[in-house]
Amino acid sequence: MSAELEMIRVYIMGRAYEVPAGLTIMKAMEYAGYRLVRGVGCRGGFCGACATVFRRPGDYKLYADLACQTTAEDEMYIAQIPSVPAERAPWKLSELEPEENFILALYPEVARCVACNTCSRACPQELEVMDYIQAALRGDIAQVAELSFDCVQCGLCAMRCPAEIVHYHVGQLARRVYGAYRAPQAGHLAARVEEIESGTFDQELDTLQQMSRDELVEAYRKRDVEK
Amino acid sequence: MADAYPSSMRESIGRVEATRPQRMGVEPQRLSLEERREVLDQFHPDYKEEGKRALAVGPSKGELVPHEMADLLEAYPLIDPDRVDLGQADYEVDVLVIGGGGGGTVAALWANEAGIPAGRILIATKLRHGDSNSMMAQGGIQAADKENDSPPIHYLDVQGGGHFGNDPELVRALVSDAPEVLRWHEKLGVMYDKDPEGRMLTIHGGGTSRKRMHSAKDYTGMEIMRVLRDEALGRGIPTVEFSPVVELISDDKGQVVGAVLWNMETEEYSVVRAKATVLATGGWGRLHIQGFPTSNHYGATADGLVLAYRAGAGLRDLDSVQYHPTGAAFPEQIVGLLITEKVRGMGAQPVNVEGELFVHPLEPRDVESGAFIRECSSPEQGGRGRGVVTPTGMIGIWLDTPMVDLIHGQGTFNRELSAIWRMYARFDIDPSADPVLTYPTLHYQNGGVVIDADGATQVPGLFAGGEVSGGIHGKNRLMGNSLLDFNVFGRRAGIAAAKWAQRSKPGKPTLEHALRYTQDLQAAGVEEVRKAPSLLPEYRGKKTLARVVDLI
């Protein structure tokens, strides 16, 4: 197979390498000889460690995406972002007063949003980042929580924002406040916790725990399965 | 837009579409325990004897483990114990947490709850805080919180999934703490999927007898991990990143009293002295056991097993590897990545090249994987030869994903399974319109370090929680019990470590255990060709590696 590999040329931090076509940017870098320490994490598009900036030939624009989820292209210029030094405002959920303006109190720069949409264009998850920042300005926590939910916190939005907003920390704040204070709590869950604490299941669990293997197998066979 | 599927695969998709109307609403018979056994014996990779060997040294000497794991346990210390100066501590803490994934973060939070000030805790992690398998968990977390369910019913499911080899005390802890864990998450602000009245939306997972799979879309692990990390940040718990542990430190009384860290960038070591240590290093997916691709994150190289074993902790159930039935098999760029079991939980069926449904979609994972491999194996190998072949020679099973929208309404897939939808959309495949090709992928370390219900290992001062530990899941973990596991046992280990730290008296720090282990290896005739822990997998191109020279 290796003899027939179609090769492409990529520029990793300015230096040219020949790599097989069809690899992700991450695997192309590894093929070229990089043993990655920074700029690599889950390799599945969930952790946001591999934020990568790139340019295509004949195009002056800089694009951003995740190295583990983007296919390397011929003549692509690639550089990774090793770390995002953006600040998370010092707040604790237990000490937060979830009033209308708590986002602006912690992240006043949100008010500086010029609605340029650079953040949304930089987002590898293709989220409507600017829209949730605007929702934050309006104090619409539910909307921020929903629109920011798929955020992998790679930080590319914050790195490109001319108003110096740290969008992904704003989203995290809103989601936690929404989950803890605005979303309805599960009554059946609280009830079950109480039952467990009062020992409702202790005897049944004692019996199960002391069963021989054969008895367990028998009990397992007999269990009914919810349709 | 060009078709992402080549014509040979497109033809098979035609057959999948043709059989779909008859398959809708059909639930095949589940296999009996005897039929399960037959599939496993013949087709599950764990049941191939040539894949394992007995350990030559250490507390679990004689136990069978995969060769890839044995190679790391029968290996010499990465850092020469004689060249480490333990006299000066760079960090002095009450509780050291090794690993910044789910288990480690939960342990740190609960050590803090149990009275250890944030500044007296240290999380040391190999990559970044949060880079872990926890972050990647998609489908859900189990807890018996509905009226028709109970911890005892959950208990039976866990035992049956694990082939009744689980530690009863640990299973009891798992199922009893589950609702409390979810309640804690709710208070921390985790956004679980709920109906407008606040009732948790729950579905089946493989091997569950009640619908107890709770989710946050298909980003369940990411949502939980993000919140835990944010909570740790808010409390000011110190974290040192890119600093894996390369050896534990023991004292003259045989207690673990800290660890040696190694800075992956400056390559210097540093010494942590701790009154209690929690091991939460995760699993082994990146060992690529038997050559399988993996769904795991980059750092899943079994480091914690190596560290604990050298320090004298026993291991269990490492003969059993979890292969998740639905790893991506096409396109090539995403081979091995996970397609959550939630997709099957929402009605997508696995079908072969002819569009035939050949197994119940929600058998326990090992059985489901065995059935996939049987369907794909050639008749000469005893299989059925009905897999779908890709242009690069991978073989797979269709997961009939368009059924999700047909059952739950158009737009459901995109909304509730957005991670999977996005992963395929990047390669011009719409899983709500076309099926996706899957094959088992190396997913989870079922066994691990022996612990008790407090997360205590057999070595005083060393606690463990999460994927690194064993016994909870027996020989096979059910879906939704790993997110649960790291929360339950991370919490128990964190609290127990805090209590230990409040009364322990560390003696003189040494690396005696590593020297002793080295002597045992020599006595057993193990050649000094391998070092461990391995820290990172090796993915560099062969041509480059052949010419690498270490000059500066």
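Residues numbered from 1 in each chain as written. Chains lettered and ligands numbered in written order. Predicted model: local features only at pLDDT ≥ 70, side-chain atom pairs only at ≥ 80, totals over all residues.

## Here we look at the overall build of chain A
Then step 1. Scanning chain A from N- to C-terminus turns up 10 helices and five strands.
Then step 2. Taken against the 2.2 N^0.38 rule, which gives 17 Å for 227 residues, the C-alpha radius of gyration of chain A at 25 Å runs more than 25% over that of a compact globule.
Then step 3. Residues classed as buried in chain A amount to 42% of the 227 residues present.
Then step 4. Across chain A, the fraction of contacts at a sequence separation of at least 24, relative to all contacts at a separation of at least 6, is 58%. (Helix = DSSP H or I, 4+ residues; strand = E, 2+ residues; numbered from the N terminus. Rg over C-alpha atoms; globule rule 2.2 N^0.38 Å. Buried ≥ 20, exposed ≤ 12 C-beta atoms within 10 Å, placed from the backbone. Contact = placed C-beta atoms within 7 Å.)

## Some remarks on the domain arrangement of chain A
How large an interface is tends to be reported as the accessible area lost when its parts come together.
All names here are of chain A.
Then step 1. Segmentation of chain A into domains returns domain 1 (2-80), domain 2 (93-182) and domain 3 (187-222).
Then step 2. Measuring from the centre of the C-alpha atoms in domain 1 to the corresponding centre in domain 2 gives 29 Å.
Then step 3. Taken residue by residue, the interface counts seven residues in domain 1 and seven residues in domain 2.
Then step 4. In terms of residue count, the dominant contributor to the side of domain 1 that touches domain 2 is strand 4 (residues 63-66) (three residues).
Then step 5. Looking at the side of domain 1 that touches domain 2, its residues break down into five nonpolar, one polar and one charged. (Domains from an automatic or database assignment. Nonpolar A, V, L, I, M, F, W, Y, C, P; charged D, E, K, R; others polar.)

## Focus: the sheet that holds strand 2 (residues 15-20) of chain A
Strand pairing in a sheet is mediated by backbone hydrogen bonds. Such pairs are either parallel or antiparallel.
Residues and elements named next belong to chain A.
Then step 1. Taken in spatial order, the five strands line up as 2-1-5-3-4 in an open sheet, and their pairing is mixed. Each end of this open sheet is capped by a strand with a single partner; those strands are strand 2 and strand 4. Within this sheet the neighbouring strands show an average axis-to-axis angle of 35 degrees, counted without direction.
Then step 2. Bridge analysis of strand 1 (residues 7-12) against strand 2 gives six bridges, and the strand direction is antiparallel. The residue of strand 2 that forms the bridge with Ile 8 is Val 19.
Then step 3. Contacts from helix 1 (residues 25-32) reach strand 1, strand 2, strand 3 (51-55) and strand 5 (76-80), with the element oriented near 105 degrees to strand 2. (Pairing = 2+ DSSP bridges. Axes fitted to C-alpha atoms, helices over the stretch in contact; angles between N-to-C directions.)

## Examining the sheet that holds strand 19 (residues 448-450) of chain B
Then step 1. A sheet is described by the order of its strands in space; here three strands give the open sequence 13-19-21 (chain B), paired in mixed fashion. Single-partner strands in this sheet number two, and they are strand 13 (315-316) and strand 21 (469-470) of chain B.

## Things to note about the pairing of strand 14 (residues 321-328) of chain B
All names here are of chain B.
Then step 1. Of all the eight residues making up strand 14, eight are buried; the element is thus mostly covered by neighbouring parts of the structure.
Then step 2. Two strands pair when backbone bridges link them, and strand 14 and strand 18 (residues 436-445) are joined in this way by six bridges, in the antiparallel orientation. Residue pairing in the sheet places His 324 in a bridge with Thr 441 of strand 18.

## Overview of the interface of chain B and chain A
Then step 1. The partner chain A presents 61 residues to the 69 residues of chain B that form the contact.
Then step 2. Mapped onto the side of chain B that touches chain A, the elements with two or more residues apiece are helix 5 (133-136), helix 6 (151-161), helix 7 (168-188), helix 8 (220-235) and helix 14 (418-425) of chain B.
Then step 3. Looking at which element gives the most residues to the side of chain B that touches chain A, the answer is helix 7 of chain B, with 10 residues.
Then step 4. Residues belonging to the side of chain B that touches chain A are distributed by class as follows: 29 nonpolar, 16 polar and 24 charged.

## Notes on the packing of helix 4 (residues 102-113) of chain B against helix 8 of chain B
Residues and elements named next belong to chain B.
Then step 1. Where helix 4 meets helix 8, the closest approach of the two axes is 10 Å, and the angle between their N-to-C directions is 40 degrees. The pairing of helix 4 with helix 8 is recorded here as oblique in orientation. Between helix 4 and helix 8 lies a crossing whose hand is left-handed. On helix 8, the residues touching Gly 102, Thr 105, Val 106, Ala 108, Leu 109 and Asn 112 of helix 4 are Ile 224, Met 225, Leu 228, Arg 229, Glu 231, Ala 232 and Arg 235. (Parallel < 35°, antiparallel > 145°, perpendicular 65-115°, else oblique. Left-handed = near helix turned anticlockwise from the far one by under 90°.)

## A closer look at the pairing of strand 11 (residues 256-262) of chain B
Residue and element names in this part refer to chain B.
Then step 1. Strand 11 sits mainly inside the fold: seven of its seven residues count as buried.
Then step 2. Summarising the sheet, strand 10 (residues 245-251) and strand 11 pair through four bridges and their orientation is antiparallel. Residue pairing for strand 11: Val 245 is matched across the bridge by Leu 261.
Then step 3. Linking two consecutive strands that pair antiparallel, namely strand 10 and strand 11, is a turn of four residues; a positive phi of about 80 degrees is found at Gly 254 within it.
Then step 4. In the sheet, strand 11 pairs with strand 12 (residues 269-279) via five bridges, with the strands oriented antiparallel. Each residue of the ladder has a partner; that of Ala 259, found in strand 12, is Val 272.
Then step 5. Count of turn residues in the strand 11/strand 12 antiparallel hairpin: six residues, of which Glu 267 carries a positive phi of about 65 degrees.

## Overview of the domain arrangement of chain B
Residue and element names in this part refer to chain B.
Then step 1. Looking at the assigned domains, one finds that chain B contains domain 1 (7-30 + 322-442) and domain 2 (76-320 + 446-510).
Then step 2. Between the C-alpha centres of domain 1 and domain 2 the distance comes to 31 Å.
Then step 3. Between domain 1 and domain 2, the contact holds 26 residues from the first and 27 residues from the second.
Then step 4. For the side of domain 1 that touches domain 2, the secondary-structure elements that each account for two or more residues are strand 14, helix 10 (342-345), helix 11 (365-376), helix 14 and strand 18.
Then step 5. A total of four residues in the side of domain 1 that touches domain 2 trace back to one element, the largest contributor, which is strand 14.

## A short note on the environment of Arg 192 of chain A
Then step 1. By secondary structure assignment, the location of Arg 192 of chain A is in helix 8 (residues 187-197).
Then step 2. Separated by 26 residues in the primary sequence, Arg 192 of chain A and Val 166 of chain A place their C-alpha atoms 39 Å from one another.
Then step 3. Setting aside residues no more than four positions away along its own chain, Arg 192 of chain A makes contact with Asp 145 and Pro 179 of chain B.

## With respect to the environment of Pro 325 of chain B
Residues and elements named next belong to chain B.
Then step 1. As for its position among the elements, Pro 325 is in strand 14.
Then step 2. Put simply, Pro 325 and Leu 338 are 13 residues apart on the chain and 9.0 Å apart in space, counted from C-alpha to C-alpha.
Then step 3. Discounting residues that sit within four places of it in the chain, Pro 325 has contacts with Arg 365, Glu 368, Ser 369, Phe 372, Thr 438 and Pro 440.

## Brief notes about unusual backbone geometry
Then step 1. Of note, the bond from Phe 330 of chain B into Pro 331 of chain B is cis; its omega dihedral lies within 30 degrees of zero at -5 degrees.
Then step 2. Put simply, Ala 532 of chain B and Pro 533 of chain B share a cis peptide bond, and its omega is 0 degrees.
Then step 3. Along the chain, Pro 533 of chain B falls in the loop between strand 23 (531-532) and helix 17 (542-547).
Then step 4. The phi angle at Glu 164 of chain A is positive, at roughly 60 degrees, despite the residue not being glycine.
Then step 5. Along the chain, the position of Glu 164 of chain A falls in the loop between helix 6 (156-160) and helix 7 (167-182).
Then step 6. Note on Glu 164 of chain A: 9 C-beta atoms within 10 Å, which makes it exposed.
Then step 7. One non-glycine residue, His 163 of chain B, lies in the positive phi region at around 60 degrees.
Then step 8. Here His 163 of chain B lies in the loop between helix 6 and helix 7.
Then step 9. We classify His 163 of chain B as buried; it has 20 C-beta atoms within 10 Å.

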